[in-house]
Amino acid sequence: MEASGNLSEDVGRAFRRVVGAEWRAASAGGAIVVLATVVLFRIWELHPRVPVAYSGDAVLAMGAFKNMLLSGWYSSSDLVGVPFGQNLHDFPAVGDLSHLLLSWLLVVAGRDLALALNTFFFMSYLTVFLGSYVGSRMLRIGRNSAVAVGVLYAFLPFHYLHGPGHLFLASYGSVPLWTALAVRQLGDQPLVETLPSLRCPRDWPHWFRRPSHLAAIGIVLLGSTTGIYYAAFMMATFVVIGVVAATARSDSRRATVMVGLSLVSVAVVAAQFAPTWWLHRRIGSNSEIIERGLHNIEYYSLKLIDLVLPVPGHRLGWLSGMQAESLKLTLLGERAQEVGVVGVVGLVILAGVAVVRLVRGQPGERHGALGLVAGSSFVLATVGGGATVVGALGFSFLRAWSRISVVIAFCAFAAVGLLFDRLAQRAGAVQANAIIAFVVVLGVLDTNPGSPLASYDDTAASWSSDRAFVQEVEGLIGLDASLFQVPVIPFPEHPPVHRMVDYDHLRGYLHSDTLGWSYGGVKGRAADWQQRLVGLPLDELAVAVAGAGFDGLWVDRYGYADPDVVEAYLGEADLVSVDGRLVVYDLRPIRETLLAASGTEGVDRAAAALTEPVTPHFGKGFHGVEVDAGRVFAWAPERARLDLSNPTTTTRTVVVAFVVASAVDGEWIVELSGLAERQRLPLGAAGTAVSVAVDVPPGGGSLELVSDAPRLTTTDPRDIRFRVLDPIVELPPAG
């Protein structure tokens, strides 16, 4: 108890001392950020309860907020992905626990999705400023210079280009803190000189009594809960700094400390991943989500030109034209890495000082450490760099390594801050502050175009139109109705479909607390049943989903090359939105007709067959999916595997039906295993119809096919012996 009391007193005194010394400068800087935010974003025109962005990832973020409002947390909802619901543990916000908790507080307090989004986004300018200010002060940059660094860093193009779409990604205030921690660990006065011994737990309270140690742990915890990308960047930076510090100072404790802090981060991130791990343990991993590939890492890699180019839509036309010319490049990436003219000056300073001191044989000091962090970050993220190597070894889940530009940007601005300090020493406070103010204004205007967000009024009109339309749907079909949404689009991360962008189908969900929506079930899981409807004429699809229990058909006409095809198949809609984009058809009369014709049992059995969650996939051995004359097939060598995914927690008995045909005509044999008993079936080029009952356990199973058919002699380099056509899953016969 005494040790605990002393620890609290020590921490309290240190905290009061720091706040007392820094609050004036930090408050002044915060006021500057608020003023700049008001002016740049024309806050006086803002509709507070209308989101500042209403498309793409901003809609996804509000969908997660809606889940918080209705179910208590972001990860699940019974109202999307109907009839199976949504489980986002396959697509988790891993590493964002702090952001999620703040979002939850905003949502619960205001009970307004748009207000929560807007508040989080604009508040992130303050939090990023504070993180940068504190990080600058950790590097012993003067207060006025630290304010300048914080303002410049808060208004990086990265901030508005990612937010409010990538809402959490735009909240990068932890980056300067752990960057400064890494730089300090290279110097003469590291925050953490050694770690407590695991063999002597009695020494731990004494170790934790040092405020600098607690600060370091706090920074690591914050860096591990404000984004998986930033956590990964932090770990990589710590490892590099630890190795360099230990080598340069012949002190292995430097490496031990950085590796230890990295392991703390690994543990914190792993704890946040626990729900996803548990889901995968119960029903298997989801390859549709985790497989992103090396080509994605290469496409989203960091290039020098990304850092030095002017911002898109620059205020000066000739600079804006330079940015437009760069769009001819092949690897475009996210186009959000620009550091502006002040940042470029900072990078030149870091490179110049590093070269001069290296030639003279002088210690690098702060410039050298900042240059090391920036340089290693660039090497990690650039084309063919460290991230690509890591991806080749199998870790390709993180693809957009160019986002490490925020680390490089802080190092660049910190170098400018050090230059400001030298200026203040030589020119005097008044003159130096005037120059600093001029540079800050120039830097903010350089990196922020005149209209960074879409027209607030246009967004408000679209938001109001959707809200009114959803209310009409509730009035026509009922508050608890279920709507099937077309075109069928997998969730999440799908390319645009004509004029629809990703997550447009979630917009309706934002405006109702009771309607059910077919979109939003995670691909690779039970939601894949909807793919059985792809390609059906809309009138046939309407009949099928009416039989499956959906009360209405929600059609986004932007999802069709020719929107008139909707009315051509379905006739006049029962409801049309004000802007003509959305139409809804009442499916209840169709269901009544089906019930009268087939009876309840027949309709229910057809519905169960349509929504059966077990789905077949061409697995190991098959060469790839092909389509010819409307038939889906895949060629195989001597042996191949047909995978059956079962995203439920119970064993399901289904009938798997397909046609198997040899490449070379003749009388051959194909053997099926993975069943209760092996089956040997005749095989020829004309094809053999196969229909077998299979018990598919939770997570999935497979059918193994082995044939003695000879290899087709052809110029095709593949080993082609037989193919499987049109695999489907059916229900066993009744009774």
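Above this note sits the structure.
These notes cover the structure that comes with them. (Residues numbered from 1 in each chain as written. Predicted model: local features only at pLDDT ≥ 70, side-chain atom pairs only at ≥ 80, totals over all residues. Heavy atoms only, no water.)

Another point: the sheet that holds strand 3 (residues 482–486). On the basis of which strands lie adjacent, the open sheet formed by five strands has the order 4-3-5-7-6 and mixed pairing. Looking along the sheet, the strands with just one partner apiece sit at the ends: strand 4 (516–517) and strand 6 (575–576). (Pairing = 2+ DSSP bridges. Helix = DSSP H or I, 4+ residues; strand = E, 2+ residues; numbered from the N terminus.)

Look at helix 17 (residues 340–360) against helix 20 (residues 405–427): their axes get within 7 Å of each other, and the N-to-C directions meet at 80 degrees. Taken together, helix 17 and helix 20 sit at an angle that is classed as roughly perpendicular. Residues Val342, Gly343, Gly346, Leu347, Ile349 and Leu350 of helix 17 touch helix 20, and the partners they reach there are Ile408, Cys411, Ala412, Phe413, Ala415, Val416 and Leu419. The residue makeup of the contact of helix 17 with helix 20, split by class, is 11 nonpolar, two polar and no charged. (Axes fitted to C-alpha atoms, helices over the stretch in contact; angles between N-to-C directions. Parallel < 35°, antiparallel > 145°, perpendicular 65-115°, else oblique. Contact = heavy atoms within 4.5 Å. Nonpolar A, V, L, I, M, F, W, Y, C, P; charged D, E, K, R; others polar.)

We now examine the packing of aromatic side chains. Under the definition given, this model contains 28 aromatic pairs. Ring plane angle 80 degrees and centroid distance 4.9 Å describe the contact between Trp517 and Trp554, whose orientation is recorded as edge-to-face. Separated by 37 residues along the polypeptide, Trp517 in strand 4 and Trp554 in strand 5 (residues 552–556) bring together distant segments of the chain. A relative accessible area of 5% means that Trp554 is categorised as buried. Between the NZ or CZ atom of Arg403 and the centre of the ring of Tyr229, over which it lies, the distance is 4.6 Å. Between Arg723 and the ring centre of Phe633, over which it is positioned, the NZ or CZ distance is 4.7 Å. (Phe/Tyr/Trp six-rings, centres within 6.5 Å; stacked < 30°, edge-to-face > 60°. Buried < 20%, exposed > 50% of the residue type's maximum accessible area, 1.4 Å probe, protein only. Lys NZ or Arg CZ within 6 Å of the ring centre and 35° of its normal.)

Per the stated rule, a full pass over the model turns up 30 salt bridges. Ionic pairing is found between Glu704 and Arg639, a salt bridge with its closest N-O pair at 4.0 Å. Of the two residues, Glu704 is situated in strand 16 (residues 701–707) and Arg639 in strand 11 (residues 639–645); the sequence distance between them amounts to 65 residues. For Glu704, a relative accessible area of 22% translates into the label partly exposed. Notably, a salt bridge pairs Arg680 with Glu671, separated by 3.5 Å at the nearest N-O pair. (Salt bridge = Lys/Arg side-chain N within 4 Å of Asp/Glu carboxyl O.)

On to the pairing of strand 12 (residues 652–662), then. Counting buried positions over the 11 residues of strand 12 gives eight, a clear majority of the element. Sheet topology note: the strand 12/strand 15 (residues 688–696) ladder contains nine bridges and is antiparallel. Looking across to strand 15, one finds that Phe658 is bridged to Val690.

Take the packing of helix 2 (residues 57–71) against helix 3 (residues 97–110) next. Put simply, helix 2 and helix 3 touch, their axes get as near as 10 Å, and they point 65 degrees apart. The handedness of the crossing between helix 2 and helix 3 comes out as right-handed. Residues Phe65, Met68 and Leu69 of helix 2 form the contact with helix 3, whose own contacting residues are Leu100, Ser103, Trp104 and Val107. Considered class by class, the residues forming the contact of helix 2 with helix 3 number six nonpolar, one polar and no charged. (Left-handed = near helix turned anticlockwise from the far one by under 90°.)

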